[in-house]
Amino acid sequence: MTYGSMLVSIGLALALALPALLDGVERKLKAAIQSRIGPPIHQTVLDLLKLFRKELVLPRESMHILYMAFIYLSLSIVAVGSLIASITLGSMELFIASAILLSIIQAIHVAMPFTTYNPFSIVGASRELVLAVINESALLITIGLAILVNPLMSPPLIWRSTYFLLLLELLIASYIASGRTPYDIAEAEPEIASGWLIEFSGPLLGIIIYANLLRKAIVKLVVGIVLAGLITGNGSMGLLLSLIAMALLWVAYTVVSTIVGRSRVDVAPKTMILMHTTFITLLIITYVLGV
Amino acid sequence: MGLEMKAKKSPLSLLTIAGSKGRVTQRYPFEEPLMTNEFRGKIEIDESKCIGCGACVNACPPNALELLSSSSGTKTLRYFIGRCIYCWRCIDVCPVGAIKGTREFELATDDVSDLYELLIHEEAKCSVCNSPYATVRMVRYVATRSPSTEGYVSMDPKCRQEKFVKAIEMRFGGLSA
Amino acid sequence: MSLSDIIERIRSIRGVTEVVTSKSALFITANADALRPLAKEIYWNMGGFFRTCAGSDERSINNCFAIYHIFGLDDRGLNIVVKTYADSKKPELPSIFDIVPASDWCEMEARDLLGIEFTGRTPYRLVLPHGWPNGVHPLRKDYSYDSRPAARTVSERLTLVDTISTVPIGPYHPALHEPEYFELYIEGERVIDVKYRGFHVHRGIEKLGESKLTYQQVNFIAERICGICGFEHSTCYAQVVESAAGIEVPERAKFIRSIVLEIERIHSHLLWVGVVAHLLGYDAGFMHTWRIREHVMTLAELLTGSRKMYGLNLIGGVRRDIDLSKKKKIFEVLDIISKEYIELASLIISVPQVKMRLKGSGVLYREDARKLSVVGPVARASGLRRDVRKDLPYAAYKYASFNVPVYDDGDNLSRLMVRLDEIRESISIVKQLLDQMPPGPIKVEEFAVPEGVVAVSAVEAPRGEDVHFIITGRGGPFRWRVRAPTYQNIPALKYMLKDQPLADAPLTIASIDPCFSCTDRVLVIDSSGIKRTLELGWGLR
């Protein structure tokens, strides 16, 4: 076993174990901002374990949901793994592969509730679809631009404004992709009663929640990796910095989501399109001008 | 009074509010519950003082207090905690002050018979027709406080009516007068 | 318009047989054919509002059914009660629904519960479930409060049109804390029609009050009509009996009642602000608002003995006094609340998503509000200046000076602002009343309630105007009607929800501050299919 693959294994193990604990930290922090005690940090782990102990109840004619859930989970794990490997080994190809995997994961994430026979599910899924189409496109474009801007994942000699804009746009896109207020419209709107999550229960819900946590980790890892690539380069330091950045971003996103309210389904797309086109245009302009 | 609302605060000021207030969760049941001294919990009936008059039974809105007769010459005052709404009206109306209010509210149990409290009184029997009508203690209570009733306090209401009607008849020579 | 003018105009209508004036109300007896011209005259020509109508089974007294329509001339502080009789075998009365749209529900309730038919309109079953047998009318005197008819469970499907998709909200829905059922007909994300089916939590309170409870006991059941605004229900009930019996409540008791009423208003509005914040996804606002509310709840417990369900009112006064140490505590708590509340309120309304979602959504125009006689903050947010504390002053409100906030936009934001302003006003009222509280007794010890007296009383609940109507009987009420504020406001939802985005629907429903327990207070049915969840066995006969 080479040094690199050992690092990748350790990194993968951390990246798979951390999201559940970070979710616990998120809940604790949210509670602190709301002046209450909140659940203990390992609560999400306990919740997932409890869900896996329950009986499986599937909505009618929905065996396909079970298959999709497993694919969702396995692809998420693979995406996490390839992200970890990309920064540890300095492989841009793996990074591109992770980006592609991310879009497939997003597609399955929308498809699962869409094919459930529940009006709330379908309403939630259609809202998720609208948000996902806009945001994922922006995220993929920005990742593409990141690859263009820093193809070797090594720190540049001088910091151009392109890098700052790149990180900013990535932050925005990844925040929206992580499904938090103000853009948790698909799930948390009270009138659609949990939206896309509504028909899932028991172990199926456990799988989906965990895969969802991994998705949150993936979008933050992407930002962390681009940042690590610009600061320390690839290798063990890059891996460390990416993981630390993921954890810090998780905390920062929590604070932001607690202090704002939820947006509305007709206003949210307009706001997103406006933000993304502005920043991506600025990004391209500064890159072309070499500023 | 200076209570104007400024609509220009930044959402971040929430963090300062939360910081200054800390955590307000009560760790009940590992901590004392948040309760004042005025809290109304369940009642306690003092056996030695209760006279079985039934004033509390009449006042109780949900019928948590009931006065039940039995064939063995006893009247039972039954307090069913499950129906009690802790209004303490019974305490208001008790003539002898036999009921005391407590601050207990942790009364959940998995056996409903825990929630019944029984107070058994001896029934008084009418001296004329021997049918039960009140409790011995109540008769004694009325008799000691109001000696003018001694002529009829040991009779039940029906016999009292008959005696009264007879007295009128004897006085006025008949009712049709 | 002077009182004598009003009486003259009313007498000039053909069919009016009797006009009696009393301290706060005008009692009119009229024939059935005078009902419609009277309604038009009072509601539209005199600018009055409609409070409610109460049917009554008076066959044991004068062998007929009666219906009492209660109007109010708010600017004169006068209640007008119009009594009409209906035949005992086949009770029928003309409907005033087309003249007074606000009378829709109470006419249908009288039809369901007493069997009085209303001519000139399409009837529908409002209050009883669909499986309830025809011809069985629970509120009639020959129907015992604990009898159970052989009803069958019928699954109700309100969906009439299949091409439009429907999103059900309720009866079991995580967004709503009480069961009710709204069917929203949507096209895409826009609501085009609303159907409401409520009355899932009928509990038989009016029937209970009329059947086996004494006057003093009814106070406690009146309090349990609502979990949030219970005290104002028991105050209104106590006031209506006191008005019927001519009992003069001591001044100190009136002050205590007003103080506790305002404390209840503060707690209710804080609760509502938290709920709205939660519906907008701003959970932090919800948590902090309820944190502030905790101070009010603890204060209420200190004053009355219980955080809610105060049990403070009796007919003739109140049961507990406010001594000096409690008075000091009230001032302390009010100081804490006002500081924190102002800070938090400014924070909540400046969160951009909150402002964006509340502004311009769920609009209720002034004309619709007037037609439906909506009450409370809903009315005041649509430009109608209606507040019972100012129009028909009761308890000790005439000793406090306060503003009534009125906004004109009629959207959700206006309703929020009305309530935020009202909290401030309530804090000020409590302080003023505490300073002026006179010494003296807190209740009348002996009184007698004569039989057969009709009285009406209204109280400004946190949600609006609450009206209690009573006909006294022996030992207990003969007919007791409660018209809670949400009962009057829900029909307005149909106008508020139309053409709005679906996302705003729960928000709009929540913005009228619905209290469904208050709304559904009539008879509970245990049909063969529905399991009774509480089997206490011994207690229930």
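All values reported here derive from a predicted model rather than from experimental measurement. (Residues numbered from 1 in each chain as written. Chains lettered and ligands numbered in written order. Predicted model: local features only at pLDDT ≥ 70, side-chain atom pairs only at ≥ 80, totals over all residues.)

**A closer look at the overall build of chain C**
Then comes step 1: From N to C terminus, chain C includes 19 helices and 15 strands.
Then comes step 2: A globule of 541 residues ought to have a C-alpha radius of gyration of about 24 Å, and chain C, at 23 Å, matches this closely.
Then comes step 3: Here the C-alpha coordinates of chain C stretch approximately 65 × 60 × 60 Å along the principal axes.
Then comes step 4: Every one of the 541 residues in chain C was classed for burial, and the buried ones make up 55%.
Then comes step 5: Within chain C, residue pairs in contact and separated by at least 24 positions form 68% of the contacts whose partners lie at least 6 positions apart. (Helix = DSSP H or I, 4+ residues; strand = E, 2+ residues; numbered from the N terminus. Rg over C-alpha atoms; globule rule 2.2 N^0.38 Å. Buried ≥ 20, exposed ≤ 12 C-beta atoms within 10 Å, placed from the backbone. Contact = placed C-beta atoms within 7 Å.)

**What about the overall build of chain A?**
Then comes step 1: Helix and strand content of chain A: ten helices and zero strands.
Then comes step 2: Along its sequence from the N terminus, chain A presents helices and strands in the succession α-α-α-α-α-α-α-α-α-α.
Then comes step 3: Here the C-alpha radius of gyration of chain A, 19 Å, is about what a compact globule of 291 residues would show, namely 19 Å.
Then comes step 4: By its C-alpha atoms, chain A is 55 × 50 × 40 Å across when sized along the principal axes.

**Observations regarding the sheet that holds strand S5 (residues 116-125) of chain B**
All names here are of chain B.
Then comes step 1: As summarised here, the arrangement of the four strands in space is S2-S3-S5-S6, forming an open sheet in which the pairing is antiparallel. Sheet topology places strand S2 (65-69) and strand S6 (132-135) at the edges, where each strand pairs with a single neighbour. On average, each strand axis in the sheet is tilted by 35° relative to the strand beside it, whichever way the strands run.
Then comes step 2: Sheet analysis places S5 next to S6, joined by three bridges and oriented antiparallel. Note that in S6 the partner of Lys125 across the bridge is Pro132.
Then comes step 3: Of the strands in this sheet, S5 and S6 touch helix H4 (residues 136-145), which is tilted by about 70° from S6. (Pairing = 2+ DSSP bridges. Axes fitted to C-alpha atoms, helices over the stretch in contact; angles between N-to-C directions.)

**A short note on the packing of helix H1 (residues 3-33) of chain A against helix H2 (residues 43-53) of chain A**
When two helices pack together, you describe them by how their axes are tilted relative to each other and by the distance separating the axes.
Residues and elements named next belong to chain A.
Then comes step 1: Here H1 crosses H2 at 120°, and the two axes come no closer than 7 Å. Judged on the interaxial angle alone, H2 and H1 are oblique. Across the interface between the two elements, Ala20, Asp23, Gly24 and Arg27 of H1 pack against Gln43, Thr44, Val45 and Leu48 of H2. (Parallel < 35°, antiparallel > 145°, perpendicular 65-115°, else oblique.)

**Some remarks on helix H9 (residues 283-304) of chain C**
Then comes step 1: A rise of 1.5 Å per residue sets the reference length of H9 of chain C, with its 22 residues, at 32 Å; its end C-alpha atoms lie 31 Å apart and thus fit the reference within 8%.
Then comes step 2: For H9 of chain C, a buried count of 17 out of 22 residues is recorded, marking the element as mostly surrounded by other parts of the structure. (Expected span 1.5 Å × (residues − 1).)

**Regarding the packing of H1 of chain A against helix H9 (residues 236-258) of chain A**
All names here are of chain A.
Then comes step 1: At a closest axis distance of 9 Å, the pairing of H1 and H9 adopts a crossing angle of 20°. The orientation of H1 relative to H9 falls into the category roughly parallel. Here H1 runs over H9; the crossing is right-handed. Residues Leu7, Gly11, Leu14, Ala15, Leu18, Leu22, Val25, Glu26, Leu29, Lys30 and Ile33 of H1 pack against Ser236, Leu239, Leu243, Ala247, Trp250, Val251, Thr254, Val255 and Thr258 of H9.
Then comes step 2: Among the residues forming the contact of H1 with H9, the class breakdown is 14 nonpolar, four polar and two charged. (Left-handed = near helix turned anticlockwise from the far one by under 90°. Nonpolar A, V, L, I, M, F, W, Y, C, P; charged D, E, K, R; others polar.)

**Overview of the nonpolar core**
Residue and element names in this part refer to chain A.
Then comes step 1: Core analysis: the biggest nonpolar cluster contains 273 residues, and Ile218 and Val222 have the highest contact counts within it.
Then comes step 2: Of the residues forming this core, the biggest block, 18 residues, is contributed by helix H8 (residues 202-231).
Then comes step 3: With sequence-adjacent residues up to four places away left out, Val222 is seen in contact with Leu83, Ile143, Leu170 and Ser174. (Core = buried A, V, L, I, M, F, W, Y, C linked by C-beta atoms within 7 Å.)

**Structural notes on unusual backbone geometry**
Then comes step 1: Put simply, Thr181 of chain A and Pro182 of chain A share a cis peptide bond, and its omega is 0°.
Then comes step 2: By the element assignment, Pro182 of chain A lies in the loop between helix H6 (161-177) and helix H7 (185-188).
Then comes step 3: The linkage connecting Tyr28 of chain B with the following residue, Pro29 of chain B, adopts the cis geometry, with an omega of 5°.
Then comes step 4: Among the structural elements, Pro29 of chain B can be located in the loop between helix H1 (13-21) and strand S1 (43-45).
Then comes step 5: Residue Asn63 of chain B is not a glycine yet carries a positive backbone phi of 60°.

**Remarks on the interface of chain B and chain C**
Then comes step 1: With 24 residues of chain B at the interface, the matching set in chain C holds 28 residues.
Then comes step 2: Per element, the largest residue contribution to the side of chain B that touches chain C is three residues, and it comes from H1 of chain B.
Then comes step 3: The class makeup of the residues in the side of chain B that touches chain C is 14 nonpolar, four polar and six charged.

**Here we look at the pairing of strand S3 (residues 49-57) of chain C**
Residues and elements named next belong to chain C.
Then comes step 1: Among the nine residues that make up S3, nine are buried, leaving the element largely enclosed by the rest of the structure.
Then comes step 2: Sheet analysis places S3 next to strand S4 (residues 64-73), joined by eight bridges and oriented antiparallel. Bridge assignment links Asp57 to a residue of S4, and that residue is Phe65.

**Side note on the pairing of S2 of chain B**
On any regular strand, side chains alternate: one points to one face of the sheet, the next to the other face.
Residues and elements named next belong to chain B.
Then comes step 1: For S2 and strand S3 (residues 74-80), the ladder comprises five bridges, and the chain directions are antiparallel. Paired with Glu66 across the strands is Arg78, a residue of S3.
Then comes step 2: Linking S2 back to S3 in an antiparallel pair, the connection comprises four residues, with Gly73 at a positive phi of about 80°.

**Thoughts on the domain arrangement of chain C**
Accessible area lost during the coming together of the parts is what is often quoted as the interface size.
Residues and elements named next belong to chain C.
Then comes step 1: One can read the domain layout of chain C as domain 1 (3-119) and domain 2 (205-519).
Then comes step 2: Counting from both sides, the interface comprises 19 residues of domain 1 and, opposite them, 17 residues of domain 2.
Then comes step 3: Listing elements by their share of the side of domain 1 that touches domain 2, those giving two or more residues are strand S2 (25-30), S3, S4, strand S5 (78-87) and helix H4 (104-114).
Then comes step 4: Of all the elements, S3 adds the most residues to the side of domain 1 that touches domain 2, at six residues.
Then comes step 5: Grouping the constituent residues of the side of domain 1 that touches domain 2 by class yields eleven nonpolar, five polar and three charged. (Domains from an automatic or database assignment.)

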